[in-house]
Amino acid sequence: MHVSRPQGNALVEDYLAGRSPAAGFYEGVWNELSSFESKAAEVDGRFDRAARERAAGALLPGVLAGGEERLQRWVEADGLMVTTGQQPGLFGGPLYSLYKGITAIRLARELEERLERPVLPVFWIASEDHDWEEADHTFSVDRENELQRLVMPDPGAAQRALHRFPLGAAAQETLDGFLATLPRSDFSEGFAEILRAGFDAKSTMPEAFRTVMEGLLGPHGMWFTDAALPALKKASSEVLLEEVDRAEELEAILQRNAEALESAGYETQVHVMPGGVNLFLEGPGGRERLYRHADGFQLHRSEEAISRDGIAARLAEDPASLSPNVLLRPVVESTVFPTVGYVAGPGEMAYYGQLREYFEAFGIQMPVIYPRHSALVVEGKIRKVIDKFHLELDQLSRPHHELATEIARDEVPDDVRQALAQIRSAVGEGSGKLLAAARAVDPTLKGPVSHARTAAFQAFEDAERKILHSVKRENEIALGQLEKAQLHLFPGGKPQERVLNPFYYLFRYGNPFLERLVEEFEVDLGVSTG
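S.K.: Explain the overall build of the protein to me, please; I cannot follow it from the model alone.
M.R.: Looking only at helices and strands, the protein features 22 helices and 14 strands. Each principal axis of the C-alpha distribution contributes one length, and for the protein these read about 100 × 60 × 55 Å. Here the protein, with 530 residues, has 52% of them falling under the buried criterion. Put simply, 76% of the contacts in the protein that link residues at least 6 apart link residues at least 24 apart.

S.K.: Which parts of the structure should I look at to understand the sheet that holds strand 6 (residues 223-226)?
M.R.: Ordered by their spatial adjacency, five strands build an open sheet running 6-3-2-12-13, and the pairing between neighbours is parallel. Of all strands in the sheet, those bounded by a partner on one side alone are strand 6 and strand 13 (368-371). Put simply, the sheet's adjacent strands are angled 30 degrees from each other on average, direction ignored. Bridge count for strand 2 (residues 80-86) against strand 3 (residues 119-125) is seven bridges, and the pairing is parallel. Across the sheet, the residue bridging to threonine 84 is phenylalanine 123, located in strand 3. Helix 4 (residues 67-76) rests against strand 2, strand 3 and strand 6 of the sheet, and its axis sits at about 110 degrees to strand 3.

S.K.: Hey, could you run me through the pattern of salt bridges in this one?
M.R.: Proximity of charged atoms lets side chains of opposite charge pair with each other. As enumerated under the stated definition, the model contains 31 salt bridges in all. The salt bridge partner of glutamate 357 is arginine 256, with a shortest N-O separation of 3.5 Å. Placement of the pair is glutamate 357 in helix 15 (residues 356-361) and arginine 256 in helix 11 (residues 247-263), with a sequence separation of 101 residues. With relative accessibility at 45%, the residue arginine 256 sits in the partly exposed group. Across the salt bridge formed by arginine 508 and glutamate 379, the nearest N and O atoms sit 3.2 Å from each other.

S.K.: Honestly, a negative patch on the surface in this entry has me stumped. Any pointers?
M.R.: On the surface, Asp131, Glu133, Glu134 and Asp154 cluster together into a patch of negative charge. Mapped onto the elements, glutamate 134 comes out in helix 6 (residues 132-135).

S.K.: Teacher, can you tell me more about the sheet that holds strand 11 (residues 322-324) here?
M.R.: Ordered in space as 10-9-8-7-11, the five strands form an open sheet in which the pairing is antiparallel. Each edge of the open sheet is held by one strand with a lone partner, namely strand 10 (305-306) and strand 11. The pairing of strand 8 (residues 286-293) with strand 9 (residues 296-299) spans four bridges and is classified as antiparallel. From the neighbouring strand, leucine 290 faces strand 9, where its bridge partner is leucine 299.

S.K.: Got a minute to help me understand the nonpolar core in this structure?
M.R.: Across soluble globular proteins, you tend to see nonpolar side chains buried next to one another. If you look at the biggest cluster of nonpolar residues, it comprises 140 residues, and the most contacted ones within it are Leu111, Phe199, Leu216, Leu290 and Phe503. By residue number, the principal contributor to this core is helix 5 (residues 95-115), which donates 10 residues. Here leucine 216 is in contact with Leu98, Phe191, Ile194, Phe503, Leu506 and Leu514, once residues within four sequence places are set aside. The next biggest cluster of nonpolar side chains, apart from the first, holds 18 residues, and it includes Leu391, Leu393, Leu396 and Leu482.

Parameters and conventions
Residues numbered from 1 in each chain as written. Predicted model: local features only at pLDDT ≥ 70, side-chain atom pairs only at ≥ 80, totals over all residues. Heavy atoms only, no water. Helix = DSSP H or I, 4+ residues; strand = E, 2+ residues; numbered from the N terminus. Buried < 20%, exposed > 50% of the residue type's maximum accessible area, 1.4 Å probe, protein only. Contact = heavy atoms within 4.5 Å. Pairing = 2+ DSSP bridges. Axes fitted to C-alpha atoms, helices over the stretch in contact; angles between N-to-C directions. Salt bridge = Lys/Arg side-chain N within 4 Å of Asp/Glu carboxyl O. Patch = residues over 30% accessible without salt bridge, like charges linked within 9 Å, V, L, I, M, F, W, Y side chains within 5 Å. Areas by Shrake-Rupley, 256 points an atom, 1.4 Å probe, with all protein chains shown as cover. Lys, Arg positive; Asp, Glu negative; His and termini not counted. Charge placed at Lys NZ, Arg CZ, Asp CG, Glu CD. Core = buried A, V, L, I, M, F, W, Y, C linked by side-chain atoms within 4.5 Å.

Set out below in structure tokens:
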């Protein structure tokens, strides 16, 4: 496992390096304990015992033995949280969802030891998301080393929140297809049971995703919450209505922060839409973005007009009908939970850079944003191929044809390379002399001589291509192995963690794969300066 941090845009890279002006758009320093100590003090000023009991009630029951007792101790001992989250994904989604959870587990353990108080890692499942096409697929490498895209048929999403509808009869067939791609080992059946427990006809995509992630991360201490959980919706209703009441003011704050980012030379990750309210309301067109309109509000797609009182009435009738967008969701989380740190991927880190003043407008200090770990998993069979060609890992992200041509060129015998170089040199030198001599005879001979020179070079380039083709043919098996290695490490030219499903490795290597990740994802917060 090659463990690192995922790369982001200029704002993210400067934040991780502690460089100005990026640091000014965030709260604290991500790898310094004192930043978490400062945030903990701010949390304590807002969360008394009753608030922590409400936060505990907004968690889903855990699978960890002794979980209820731990949760009660957490309430009594002024506990804190490290949070992370993700939209639901088919069969657990890509590897990075797992990596976010394990990073949160390791950060919570470190903070619990250093702050000497309970710290729970909590995974927020974004069940209110309505992008079915983002959630409906996953990728796996099958037993023939081919990349397979598995897709769950649309059960009639129609822009509705993912928690609103079950997967239906297609769930079993899709799961069977996925299981057929995975390797077999002594570990296979246990992990297959986790998948079967989640992905059945009656489960929604968020429920299935939660069951899978809890089966993997629950034994390591992870707690879960669901964006549509009634207790969470009840605890967040006031902040949602505050966004409605202060929409114009809050839009101006976000726009001002976006302009400050751009003035500092950074790009904004989330565009601030004029008139946009950072909320979605379920209407005739499914889950729709709210906009300020005339003296009230309007739904984006259906153009249904609605008043502030109308929004409040729908919220009272169905608390799940009103939900935050990507900018308001972090504020909702920090309102409900005593969050000191949020584990984020590079895209999330970028949009958190837009939110510091927005948090402050709600009377909240932004949590410390901690970058998730990244891992590139290199199996032994892949390592052998890489070593055979004397390659660096990042070279395998290049298109296969480019890499194969470069390798074939290196495999061309020295005497052939030398002969080609000599011929080119001779043609270049000879044609130059011929051109000079011919122009003395007749200046119009420049064209024919230059054409002959170009044709000669082209002929030898064609010969070199044929030589390279022959070398590739002789090394066809080895280059085929290289192509498979690239598929495992950079499928489709993308980072492994953003494409491949974790169950390929779990079926092959079992719980030791998870334990290795937990061990490798080290957290170092330095020495407190407080």
